[in-house]
Amino acid sequence: MATDPVVLSLKQSLPCRDSQIDQLYNLLPGKDDISIPSVYICGAASTGKSAVVTSMLHKLEIKHAIVNLVECYTSKILFENILNKFSDHTFDPTNPLPYAKCDNLMDFISHLKGINGLDKSVLVLDKAEELRHMDANLLPAFLRITELTNLNITVILISDIVFEKYYNKSTDVEPLKVYFPQYNKDELLEILTLDFDYVKSEAAIDFDVDFYKNYLSLFLSVFYRACRDLCELRYMSRVNFTKYLQPVVQKQCSVSDSMVLWRNIAPVLKNSLEVLYLRVDVTSDQMNNAAHSLELPYYAKYLLVAAYLASYNSTKDDKKIFVRNTGKKSKSVREIKAKSKVSEQLNTQLGPKPFTFDRLLAIFYAILEEKVGFNNNLLVQVSSLVELRLLVLSTVGDGTSLDGQKYKCNVSFDFIHSTAKTIGFNIKKYLSDFRHL
Amino acid sequence: MDEETTSVSKGVFIFNNNTIKRSSHGKKRKKQTTETTKDDNGIFASNLWYQQYANLKTILEENITELNDNMFSSVLSQLVEFVGNCHNTTVEEIPTAALLTGINMPDHGAQFSSLINQIKQTETPHVVCLQSQDCTHIKNMMENMISKFINYDSPLEDEDEDDHRNIKKNQLNLPVLQCWYNNLYVEKSSSSPIKQQTKNSQKVLVVIIPDFESFSTIVLQKFILIISSYIEVLPFVFIFGVATSLNTLHTSLSYQIMSKINIRVFKSQPSIVYLDKVLENAFFDTNFPFHLGGKVFNLFVDLFLFYDLSVNNFITNIKYAMAEHFCSGNTMSLCTLSISEAREMIEMFSHNDFENARHLLSFRKLVEDQTYENRIKLLTDDDYLKEVLMQHLKKIQKYLRRFHLFLKLLHVLVNDLPKAPLGKKIRELYAIAVSKDITKSDEYRQCFQLLGFLSKTELLPKISTIINILSPRVKRFENNKIADFLNKLKQDLKDLNDFNMNELQDAVEEIECEELVDETMDSRKQFKEKLLGLTKQKATRQLNKYEQLRKDVLDLLTNAFEEYLVEPKSFYFHEIFFFDDVSIQNNIVGSHRSAIHNALNDPQYYLQCSCCEIYTSSTILRTMPDICVAYKLHLECGKMINLYDWLQAFLSIIDHSDCDDESRRYVKPELQARFTQAVAELEYLGFIKNSKRKADHVARLTWGG
Amino acid sequence: MENNFNHIIKHLKQNILKNRTCYGYEKEEQQIYDLLERTLDCGESNSALLIGPRRCGKTLVNNNNSNLVISLVNKVLEQLQLKDNFQTDCILVKLNGLIHTDDRLALKSTTSQMQLDNVVDGKVFGTFAENLAFLLECLRTGDKCKSKSVIFILEAFDLFCSHHNQTLLYNLFDVSQSAQAPICILGITCRLDVIELLEKRVKSRFSHRQIFLLPHDSQTSKSDALEDVLRKIEDYLRVPEGSVKLKTNDTLTKQWNKSLTNLLKDKKFKNVIQRLIDIDNSESMLKDFLVKVIFQLNGENLTVDIFQKQLNMLEEDDMIKVLQDLTVLELCLIISMKHHIEIYDNNPMNFEMIYNRFIKFANANAGVQNFQRAVILKAFEHIQGLELISMLSNTTSKVQKEYQFFKLLVTPRQILEAVKKSSGLPTEVTQWAHSSLT
């Protein structure tokens, strides 16, 4: 029965968050001068945590400071940010100095006491999980800031991860928790529908909300299982809606006949599901053939392949693999049997092993048909591969040795497979994981 | 990458092995310095050949720079447009442009700088380009960026500059940047800044990261997160230069980061395309006299394809070849396409210059082909030689013009034939044409067989394009040879056009139907055979007319080709225009490690001193420099080298004076000093390093043996 | 009516949040009082440690606005301050391990609390000891024998132990040993093993006087415990009738208290509280619980359901909530991780393995959507971001993500629980969750 108009308007503007808004409203020091020392708000990304908190603080006109801990790579910045915001400090553009220089908690607290009118104010720390990686005393200090400053400040921590992860020997205060659950399908539909106005403004033709709703329900039916992140979904829906409209825009069909639209959009949605989270439009086919999009010199490709082989074959197999027509078939067969038993722990699943430079060259010359002189340009290839992060220097070898340096191959199997194809090289034949297949 | 290669190949210049080269070579290195410093009053300015060389080089460079500009202009303009528009609507994510530059698109640096300039001119003054080496940690990355933004100021307001200067780095954080930005735009535009109003007047903040791969991903992710928390108030735009592929972006940026940015992909052309463009527009240009012979050209192309897809290196190689070519004597100054110029040059020739001309290989052939008295004149009489030279030059110049022209025509004909026997690219054609008589080659023959099967629809466009290429040139060549060739061609084209397939078709049809109406057939089998026969004769009959026309055209063309695409060697004095000395490979493709080994193992090789001449590589002479002795000794050791033994071995070589044991214990200080110095030098060269593992031992860093 | 009610709520909140009264520690209280008093009167130097469980009201609370606040040490100090000579010849120095994270800061604030800033500033000191000595020196009056006595109260004492070779503690204890100046050091901490944290030289100078505040109802029987808690609840929640301070009309107050008494009698309510006690029987726990209840009251009177609701919220597992918030794809990955650790008893896993396992499953049943590798990798990263899995060695930043090894941070039980609760899962997935053979 909280009939505060503010709450109602909040529920209007932020749908599907009613219970959270109520909880929060009760916790905030709006009604009386007693306030909770600390509140912990937890929930998955883009579930409206920050939105609810900020808008509520604004609407209730509570004095507050909101700091995003991501940008506070030093505690100095954190302290100064908070002080600036609490004191409504404005920079002098020509010589921007903070409200007060302070880089430790003691000064911070004394400065905080210096600012007046902080009673019943709220300090919001967004991305609070960062606190754990900062000075050890910060988290407990913020949790009990009322005790330390004897000011009536409520600290609201906002984070994606559960509070258990914060436990260590010095966190003795357990804040009150408010959990923001992920939206379910219907809620998502409702919220995405709010996007209507934007979409309409973008779109070339006219249509009504139900039309958009239909589209969204189609859209969600494809995407919901893969993604519940509101931002991502909004992005995707916007990208695809234009394509959804295309037939209508091109006068191939009217807004009404949804079957045509569906038949038209289904494949598009399927494709864009492939690039979910990747933030590229489907039309650019960089994704699926990275190896082709990347052009390497001929020998560089061979070097890369050689590096891959060196990383994913054990040294003892080299002779068997690279020396042509090795006599002892029977032995190798037995080995292969042994290998095929442990199918789970393939080398290609355990990751690359470091290899020395001369092993690389040896394999390179082994797999390369024609003879090529060993010259600078070849050496430079290796270093340029390293520069491109296709090879990485492994930390094993000490840097000083000219030839003791160890490398690792840093590309995925699919990549190397297609690269090998471009130079007509069947890599599976040379990988001990696949030879028995 | 580019820098590396060039630097290496420079390093290699020092160790070139044939002495003739070296003489000319010392000059060249100096010349390169003059090249770089772009002042032509170098020590060679007086020489004729140098003047010619210099202006050719400038022509080449101009062409290439011009080419670069309109190469990148397309992608650049797209980028700039993107930067301009990306913030017109309200954005949740940071607009990001991923610019896929090939692994070594020539001078990324230049490309990005031109990008920066363009953006600064058209879109916004706030452009920051971050280098990976000053962004090892998020702190200094942020501070770098912000200080660059704030200190961008225009030079006229200096005191403002100073103000910004004296902000300590550690006070620079995003709130400061925000206030700076607001001070610039928001307050000015309106006291109460409403985004939509001021949006357009506000300039975006562009952050360019030219080499994405070399950034630490952790730092970058944090950076993106931080910026994204300010995207509402500060309109940021990212431009990532990605060398490898978009996957790198996806693998290095994790889920929550990706959802903060909004990528748009821009792709610049693959460098192989770029190479072809350069060759066609700058090098196969009909008014560029200097030419590469087949061997050298192939060498360069192979270097490009197999080792580094770097056009810059290719161009440097060509320049090197030019230098090599010209400095072989003043005769080369005749390497020009305007006859008058050649005339001027040759007027200035001294006797030595003519002698120099007489040293050309093809001169001997010329002499042999002459009658006796002419021989004498050629060998003795400079003026006579001058005239001969001139007329031959004329020939070659004429030849060259047409050579290029008809090469293009040939290219038009053959480039899209099934598995193109002569190759798809004009450079491939060039490579063949300059090394042998292309029209005699059997690839050529194959091509024309294939052309013989072309249908009308395939053939027509080729012919018309050829005509289009030719017709503008005709005015230039007054002589009507080419003119009437063109006319013939036009005529044929017209015939082909007029020639109408359909009438054939009709003919066929009526035959067919009359066949069908005739009832006298007993078995389906017979009927089938009949039809089969019909179709056969139909085929032959139908083709005859068309084939006739086609044959005419092809004959016309092939005659032309045989006339103009002869191999350059057939001309006297072709060396003046064609450089085909493949021995420069040793200077371009260096192997510095073996060079160092040579230098230390066999110093006489470079020092040319009589004193330390050796016949087996293992022998060690006391006359050699100390470092060589030490080096050769250390070659005999394993991974670890005992310094004392080394010293003893060293001494045993350096002074034979005393061989009895007690004196072995006593070591002359100066000898020890020399030894220590030698060891120090080896360590400096990176052959050994002192190891903790074993007392008074050093570790050997190169391959054993 | 409404605001009247709010007044009651306000009163209760104040009562619960600010009230730090702790019962039944009179003995310890007296002990501390004597200690401090002796320092004050006779100028003895002393050192003691006050050790008690978290938030049992031992700590020092600056009682600013509400006079209800009484913690143990506060009580003592108040009594002390009543003595007339307190102001004249005693200085109180409060340090907190959380705030004063190193000795430099500690000394700085000490100086300011002694009001010696003006004396000290400009002076440079070689060592910490000299500095401290100087401070104490300043306290002496004209003749050597007499001096102001200083009471140091070190909160979060254990954190001081982590300072660079414990210089502060060493010097303080040293002073307290050698009668340079009359000081008393009272360390407050919740760590029972705090003595072990002290270095040998420091420990040797510490008068091993430790005062423990042990929870005293530990030995009492279950029923007593319940009664005890109920009593506590009552005097937390009962509103004093007819008090002038809170501006409510009596009817409402009466009504409230009536509902409270009914509640306390209620059988179900007792069960709830019993359950609560079984989970954790500490003062702080109870308070938190009541606070939650009070803050969720919207004008209605106390009912069992509210308590029940809070209890449920208390009992439920956040992890499971997080798991429920995952997408089907992510949940599938989690399940395949579960299978992995079950098959290779808790061996670490990397993306490749999980990916292959998932793909096998996805290919086996058509009902499951299959995704591109890149998308699955992103989902995997999301899981990592939620810290449901953690990297084994974060030094290997150079290795590709696919090969970095992880361990699973949620138990199979939690996973099954989440699978059971989350709606709209394909049946194949549910089955797969229960048995790895598909």
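Fair warning: this is a prediction, and the values are worked out from it, not measured in the lab.

Thresholds applied
- Residues numbered from 1 in each chain as written.
- Chains lettered and ligands numbered in written order.
- Predicted model: local features only at pLDDT ≥ 70, side-chain atom pairs only at ≥ 80, totals over all residues.
- Heavy atoms only, no water.
- Helix = DSSP H or I, 4+ residues; strand = E, 2+ residues; numbered from the N terminus.
- Buried < 20%, exposed > 50% of the residue type's maximum accessible area, 1.4 Å probe, protein only.
- Contact = heavy atoms within 4.5 Å.
- Areas by Shrake-Rupley, 256 points an atom, 1.4 Å probe, with all protein chains shown as cover.
- Pairing = 2+ DSSP bridges.
- Axes fitted to C-alpha atoms, helices over the stretch in contact; angles between N-to-C directions.
- Core = buried A, V, L, I, M, F, W, Y, C linked by side-chain atoms within 4.5 Å.
- Left-handed = near helix turned anticlockwise from the far one by under 90°.
- Nonpolar A, V, L, I, M, F, W, Y, C, P; charged D, E, K, R; others polar.
- Buried area = accessible area lost by both parts, 1.4 Å probe.
- Salt bridge = Lys/Arg side-chain N within 4 Å of Asp/Glu carboxyl O.
- Polar contact = N/O pair within 3.5 Å; in protein donor to acceptor, adjacent residues only side chain to side chain.
- Patch = residues over 30% accessible without salt bridge, like charges linked within 9 Å, V, L, I, M, F, W, Y side chains within 5 Å.

Novice: What is the right way to look at the overall build of chain A in this model?
Specialist: For chain A, the helix and strand inventory stands at 20 helices and eight strands. A burial count over chain A gives 58% of its 437 residues as buried. Counting only contacts in chain A whose residues sit at least 6 apart along the sequence, the fraction spanning at least 24 positions is 71%. Counting every atom, chain A has about 17600 Å² of accessible surface; 55% of that belongs to carbon and sulfur.

Novice: Mind showing me how you'd approach the sheet that holds strand 1 (residues 94-100) of chain B here?
Specialist: The strands that make up a sheet pair up through hydrogen bonds in the backbone, lying either parallel or antiparallel. Residues and elements named next belong to chain B. Taken together, the five strands give an open sheet; going across it, the order is 2-3-4-1-5, and neighbouring strands pair in parallel fashion. Across the chains shown, the open sheet's two edge strands, defined by having one partner strand only, are strand 2 (127-129) and strand 5 (261-267). Each strand of the sheet is rotated relative to its neighbour by a mean of 20°, with strand direction disregarded. Pairing analysis gives seven bridges linking strand 1 to strand 5, with the strands arranged parallel. Paired with T96 across the bridge in strand 5 is I263.

Novice: Teacher, can you tell me more about the nonpolar core here?
Specialist: Among soluble globular proteins, nonpolar side chains are generally buried collectively. The biggest cluster of nonpolar side chains holds 189 residues, and the ones touching the most others in it are F290(B), L292(B) and F573(B). Look past the residues within four positions of F290(B) in its chain and what remains in contact with it is L56(B), F283(B), I318(B), A321(B), M322(B), H325(B), F326(B), C335(B), F577(B) and F579(B).

Novice: For this particular structure, what's the right way to read helix 3 (residues 72-82) of chain C?
Specialist: In an α-helix, one turn spans 3.6 residues; hence positions three or four apart end up facing the same way. For helix 3 of chain C, every residue scored as buried is listed here: L72(C), V73(C), N74(C), V76(C), L77(C) and L80(C). Of the surrounding secondary structure, the elements contacted by the buried residues of helix 3 of chain C are helix 2 (26-42), strand 1 (46-51), helix 4 (85-89), strand 2 (90-96), strand 3 (149-155) and strand 4 (183-189) of chain C.

Novice: Would you explain the packing of helix 18 (residues 328-343) of chain C against helix 21 (residues 412-421) of chain C in this entry?
Specialist: How two helices pack is summed up by the angle between their axes together with the distance between the axes. Residues and elements named next belong to chain C. Closest axis-to-axis distance for the helix 18/helix 21 pair is 10 Å, and the angle between their directions is 150°. Two packed elements cross with a definite hand, and for helix 18 against helix 21 that hand is left-handed. Note on element contacts: helix 21 touches helix 18 through P412, I415, L416 and V419, opposite L331, I334, I335, K338 and E342. Classifying every residue of the contact of helix 18 with helix 21 by side-chain character gives seven nonpolar, no polar and two charged.

Novice: Hey, could you run me through the interface of chain A and chain B in this one?
Specialist: The accessible area lost on association of the parts is a frequent measure of interface size. Counting from both sides, the interface comprises 62 residues of chain A and, opposite them, 68 residues of chain B. Where chain A abuts chain B, roughly 5700 Å² becomes buried across the two surfaces, and 58% of that area is made up of carbon and sulfur atoms. Taken together, chain A and chain B are joined by one salt bridge. E130(A) is paired through a salt bridge with K222(B); the nearest N and O atoms lie 3.8 Å apart. Joining chain A to chain B, the criterion identifies eight residue pairs in polar contact (both at pLDDT 80 or more).

Novice: Could you clarify how one ought to interpret the pairing of strand 5 (residues 176-180) of chain A in this entry?
Specialist: Successive side chains on a regular strand alternate, one facing one side of the sheet and the next facing the other. Residue and element names in this part refer to chain A. Within strand 5, four of the five residues are buried, which leaves the element mostly enclosed by the surrounding structure. For strand 1 (residues 38-43) and strand 5, the ladder comprises five bridges, and the chain directions are parallel. From the neighbouring strand, I41 faces strand 5, where its bridge partner is V178.

Novice: Is there a simple way to explain a nonpolar patch on the surface in this structure?
Specialist: A cluster of nonpolar side chains, namely L192(C), F212(C) and L214(C), defines an oily patch on the protein surface of about 310 Å² accessible area. As for its placement among the helices and strands, F212(C) is situated in strand 5 (residues 210-212).

Novice: When you look at the sheet that holds strand 10 (residues 697-700) of chain B in this model, what are you seeing that I'm missing?
Specialist: Residue and element names in this part refer to chain B. The three strands lie next to each other as 8-10-9, forming an open sheet whose pairing is antiparallel. Every other strand in the sheet has two partners, leaving strand 8 (640-642) and strand 9 (688-690) as the edge strands with one partner each. Between one strand and the next, the sheet's axes are offset by a mean angle of 35°, whatever the strand orientation. Where strand 8 and strand 10 come together, three bridges link them in antiparallel fashion. Within the sheet, the bridge partner assigned to N642 lies in strand 10 and is H697. The sheet contacts of helix 31 (residues 643-654) involve strand 8, strand 9 and strand 10, and relative to strand 8 the element is tilted by about 60°.

Novice: How do you make sense of the interface of chain A and chain C when you look at a structure like this?
Specialist: If you look at the interface, chain A gives 67 residues, while chain C gives 65 residues. Our count for the contact surface shared by chain A and chain C stands at two salt bridges. One salt bridge in this structure joins D107(A) and K108(C), with 3.7 Å as the shortest N-O distance. Counting the contacts that link chain A with chain C gives 11 residue pairs in polar contact (both at pLDDT 80 or more). Residues that form the side of chain A that touches chain C fall into these classes: 32 nonpolar, 16 polar and 19 charged.

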